[in-house]
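Close look at the chain arrangement
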Amino acid sequence: MPAISLPLVQTFYQLGRTGSYSAAARELNLSHPSVANHIRRLEHLLGERLVVAERGARRVVLTPRGLALYELIRPEFDMMLSRLTRLVERQRPILRIGMPQGIFHDLFPRVLRTFHETRPEVELVVYERDTALADLVRQGSLDIFIAERHFGDPIVMQQLLGRYGLSLVFPRAWGPPPTSSAVPEWARGRPFVSHEPGQTVRDIAIDFLSRTGATVDPLISVSSSVSIKRCIAEGLGFSILPSWSVEPGNDAMDAVALPELTPVSVYFGSARFLKDSELVRDFLDHCRSELFGTSLA
């Protein structure tokens, strides 16, 4: 049996269903000659005539072999097309987003709430990670991301969302807070809990704590601000975290703002081919408004 191309069989199915070359061509969005060519190729592969078209007649007639083939494939094609139709109808728009876990945990629920008020049909798939975000967009695994660094990748577009400050965060049981200028000296000999190597906030924190010449070696390194706060709440050490990550009045932790540290920039990134996407621009607008209070012009 020769290999049969699915487009040829699909054309024959539509011709048998509609009864005319013109109607089959409309269904398939093909030209009349293309439909006729598909039928000739299928007949050549099978070695038999399948269709008889009388000159001047609007409708075609299937030969006995053609009618037998049509009745054989019709139930399978009807079922397949019905399933595909239901699948496409159920398909919802999806945005795949990557971002640091801390931003997702502490800030992103506000974006989710307001975005879904205007775009309830869109499914958001969120990957909580800090690194390799631009690589994931380039590989097609992500559509957009929120990151604390500018990757300088020509395939990935990044726009500044805003900036946030940093604070010393420590167990409340350790006593009264130091002044911000005294933090490096205060931190000497105390257990330091930090992000994993390579993360922006970790690098800023270590540079700041080393100003007095102290060697800073984290006692514990974890992947997110959420995990760091859990360690601090258990009294395991202190850290330097985004100022928005500790809510006021927390019974387990206290915080001191560190205005002398350069604010951390937060960028919105997307694949370059999505730069004109209305959905992505709408999502960017919600991120700017809810995360940093500036509306997209």
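Every value quoted in this text rests on a predicted model; they were computed, and no experiment measured them. (Residues numbered from 1 in each chain as written. Predicted model: local features only at pLDDT ≥ 70, side-chain atom pairs only at ≥ 80, totals over all residues. Heavy atoms only, no water.)

Structural notes on the overall build of the protein
Summing up its helical and strand segments, the protein has 11 helices and 12 strands in all. In terms of overall dimensions, the protein is more spread out than a globule: its C-alpha atoms have a radius of gyration of 31 Å, far above the 19 Å expected for 297 residues. Taken over the C-alpha atoms alone, the protein extends approximately 95 × 40 × 35 Å along its principal axes. Sorting the 297 residues of the protein into buried and exposed places 44% on the buried side. For the protein, long-range pairs separated by at least 24 residues make up 71% of all intrachain contacts whose partners lie at least 6 apart in sequence. Summing over all exposed atoms, the protein offers an accessible surface of approximately 15,900 Å²; the carbon and sulfur share of this is 52%. For the protein, the centre of its 33 positive side-chain charges and the centre of its 33 negative side-chain charges are spaced 8 Å apart. (Helix = DSSP H or I, 4+ residues; strand = E, 2+ residues; numbered from the N terminus. Rg over C-alpha atoms; globule rule 2.2 N^0.38 Å. Buried < 20%, exposed > 50% of the residue type's maximum accessible area, 1.4 Å probe, protein only. Contact = heavy atoms within 4.5 Å. Areas by Shrake-Rupley, 256 points an atom, 1.4 Å probe, with all protein chains shown as cover. Lys, Arg positive; Asp, Glu negative; His and termini not counted. Charge placed at Lys NZ, Arg CZ, Asp CG, Glu CD.)

Focus on the pairing of strand E5 (residues 144-147)
Every second residue of E5 is oriented toward a common face, with Ile144 and Ile146 on one face and Phe145 and Ala147 on the other, all of them buried. Two elements, E5 and strand E12 (residues 264-271), share four bridges in a ladder whose sense is antiparallel. Looking at E12, one finds that Ala147 is bridged to Tyr267. (Pairing = 2+ DSSP bridges.)

Looking at the pattern of salt bridges
Side chains carrying opposite charge are able to pair once their charged atoms draw close together. Across all of its chains, the model carries 16 salt bridges by this definition. Across the pair Arg49 and Glu43 runs a salt bridge whose closest N-O atoms are separated by 3.8 Å. Residue Arg49 is classed as exposed on the basis of its relative accessible area of 52%. Since its relative accessible area comes to 13%, Glu43 is described here as buried. Linking Glu278 and Arg119 is a salt bridge whose minimum nitrogen-to-oxygen distance equals 3.5 Å. Taken together, the residues span a long stretch of sequence, with Glu278 in helix H11 (residues 278-292) and Arg119 in the loop between helix H6 (108-118) and strand E4 (123-128) at a distance of 159 residues. What you see here is one network of salt bridges that share partners, running through Arg119, Glu121, Glu278 and Asp282. (Salt bridge = Lys/Arg side-chain N within 4 Å of Asp/Glu carboxyl O.)

Quick notes on the packing of helix H2 (residues 21-28) against helix H3 (residues 32-46)
Where H2 meets H3, the closest approach of the two axes is 8 Å, and the angle between their N-to-C directions is 100°. With respect to H3, the axis of H2 lies roughly perpendicular. Each of Tyr21, Ser22, Ala24 and Ala25 in H2 lies in contact with H3, whose residues at this interface are His32, Val35, Ala36 and Ile39. Taken together, the residues of the contact of H2 with H3 sort by class into six nonpolar, two polar and no charged. (Axes fitted to C-alpha atoms, helices over the stretch in contact; angles between N-to-C directions. Parallel < 35°, antiparallel > 145°, perpendicular 65-115°, else oblique. Nonpolar A, V, L, I, M, F, W, Y, C, P; charged D, E, K, R; others polar.)

A closer look at the packing of aromatic side chains
In the structure shown here, the tally under the stated rule is 12 aromatic pairs. Here Trp174 and Trp186 contribute two aromatic rings whose centre-to-centre distance is 6.0 Å and whose plane-to-plane angle is 45°, an arrangement assigned as tilted. Pair noted here: Trp174 is in the loop between strand E7 (166-171) and helix H8 (183-187) and Trp186 is in helix H8, with a separation of 12 residues, a long-range link. Feature note: the residues Phe104, Phe108, Phe115, Phe268 and Phe283 constitute an aromatic cluster, connected by ring pairs. (Phe/Tyr/Trp six-rings, centres within 6.5 Å; stacked < 30°, edge-to-face > 60°.)

What to know about the nonpolar core
Among the nonpolar cores identified, the biggest contains 51 residues, and Leu95, Ile146, Leu209, Phe268, Phe283 and Cys287 are the most heavily contacted of them. It is H11 that contributes the most residues to this core, six residues altogether. (Core = buried A, V, L, I, M, F, W, Y, C linked by side-chain atoms within 4.5 Å.)

Quick look at the confidence of the model for the protein
For the protein, mean pLDDT is 88; residues scoring 70 or higher make up 94% of the total. Mean pLDDT across the elements of the protein bottoms out in helix H4 (residues 64-90) (83) and peaks in E7 (95). (pLDDT = per-residue confidence, 0-100.)

Quick word on the sheet that holds E4
Reading across the sheet, the five strands line up as E4-E3-E5-E12-E6 and stay open at both edges, with mixed pairing between neighbours. With one partner strand each, in any of the chains shown, E4 and strand E6 (156-164) form the two edges of the open sheet. Within the sheet, the average angular offset between the axes of one strand and its neighbour, ignoring direction, is 20°. Alignment of strand E3 (residues 94-99) against E4, held across six bridges, turns out to be parallel. Residue Gly98 lies in a different strand from E4, and its bridge partner there is Tyr127. Contacts from H11 reach E3, E4, E5, E6 and E12, with the element oriented near 15° to E6.

Considering the packing of helix H1 (residues 6-18) against H3
Relative orientation of the contacting elements H1 and H3 amounts to 115°, with a least axis distance of 9 Å. When the axes of H1 and H3 are compared, the pair comes out roughly perpendicular. The interaxial crossing formed by H1 with H3 has left-handed handedness. Where H1 abuts H3, its residues Pro7, Leu8, Thr11, Phe12 and Leu15 lie against Val35, His38, Ile39, Arg41, Leu42 and Leu45. Grouping the constituent residues of the contact of H1 with H3 by class yields eight nonpolar, two polar and one charged. (Left-handed = near helix turned anticlockwise from the far one by under 90°.)

Comments concerning H1
Compared with an ideal rise of 1.5 Å per residue, which puts 13 residues at 18 Å, H1 spans 18 Å between its outermost C-alpha atoms and is within 8% of the ideal. One or two positions beyond H1, positive phi appears at Gly19, with a value near 85°. (Expected span 1.5 Å × (residues − 1).)

Digging into H11
For H11, spanning 15 residues, the distance from its first C-alpha to its last is 21 Å, which sits close to the expected 21 Å at 1.5 Å a residue. Residues of H11 that are buried include every one of Leu279, Val280, Asp282, Phe283, Leu284, His286, Cys287, Arg288 and Leu291, and no others.

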